[in-house]
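Residues per chain, in single letters:
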Amino acid sequence: DMSVDKSNKETTIKTDITNSDVWLSNPELIREFIEKRQDYKKLCAEVQYILKKRLIQNNIEFSTVTSRAKTLNSFLEKINRKSYDSPFKEITDLAGVRVVCLYLDDIHLIKEIINKEFEVIETVDKLNEKEPDEFGYGAFHFIVKLGKKSSGKSAKMDSKS
């Protein structure tokens, strides 16, 4: 038990030290993230609203539609872990929305809604990647931009069953 606690503390300390390095080396990047985060929160709310409305209109039963804007700590951890020339253009999950549906058969209907409402940049099929004996959820990940009728930036979405 002690070694687990110790390793967790060391990980936290390493992350804090690395994150503080970004504060010192690139405070403009942090300032830009803090300024833009409100836009990403609004984007999340807009995409979440659109999806809930369309799911209800199409009588698709769902468990939840949730959203989140990436936190500063998560952003700093990601730019420390990976190398980005332009983080705000390259990181695709600054705003994320998740639809959890009840029935596997509804996924194709949700995909149709996403394709109709948004400009789909990329789709990743995580549903069929697993082996039959593997445990876990299946998902489609979409990187999208808002459609012409909407007003925000772009978002990453998951459709899960």
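The shown structure was predicted, so the numbers you read here are calculated from the model rather than taken from an experiment. The numbering scheme is per chain: residues are counted from 1 as the chain's sequence reads. In keeping with the predicted nature of the model, local features appear solely for residues at pLDDT of at least 70, side-chain atom pairs appear and are counted solely at 80 or more, and the whole-chain, interface and lining totals rest on all residues. Hydrogens and water molecules were not included; the side-chain quantities draw on all heavy atoms of the structure.

**Some remarks on the nonpolar core**
Grouped burial of nonpolar side chains is what soluble globular proteins tend to show.
Thought 1: Definition of nonpolar core: a set of buried residues of the types Ala, Val, Leu, Ile, Met, Phe, Trp, Tyr and Cys, connected through side-chain atoms within 4.5 Å. For each residue, the accessible area found with a 1.4 Å probe, counting protein chains only, is set against the maximum for its type, and the residue is called buried under 20%, exposed over 50%, and partly exposed in between. Judged by nonpolar contacts, the single largest core of 33 residues is most densely connected at L51, F75 and F118.
Thought 2: Where this core is concerned, the elements lending two or more residues are α2 (27-57), β1 (62-69), α3 (72-81), β2 (95-101), α5 (107-117) and β4 (139-146).
Thought 3: By the criteria applied, helices consist of DSSP H or I runs no shorter than four residues and strands consist of E runs no shorter than two, each listed in order from the N terminus. Here the element with the most residues in this core is α2; it accounts for 10 residues.

**What about the environment of L55?**
Thought 1: Considering the arrangement of structural elements, one finds L55 in helix α2.
Thought 2: For L55, a relative accessible area of 1% translates into the label buried.
Thought 3: In the structure, L55 is positioned 10 residues away from V65 in sequence and 9.8 Å away in space, judged by C-alpha atoms.
Thought 4: Beyond its immediate chain neighbours, meaning those up to four positions away, L55 contacts I60, F62, V65, V99, I110 and I113. When checking whether two residues touch, look at their non-hydrogen atoms; a contact exists if any pair is within 4.5 Å.

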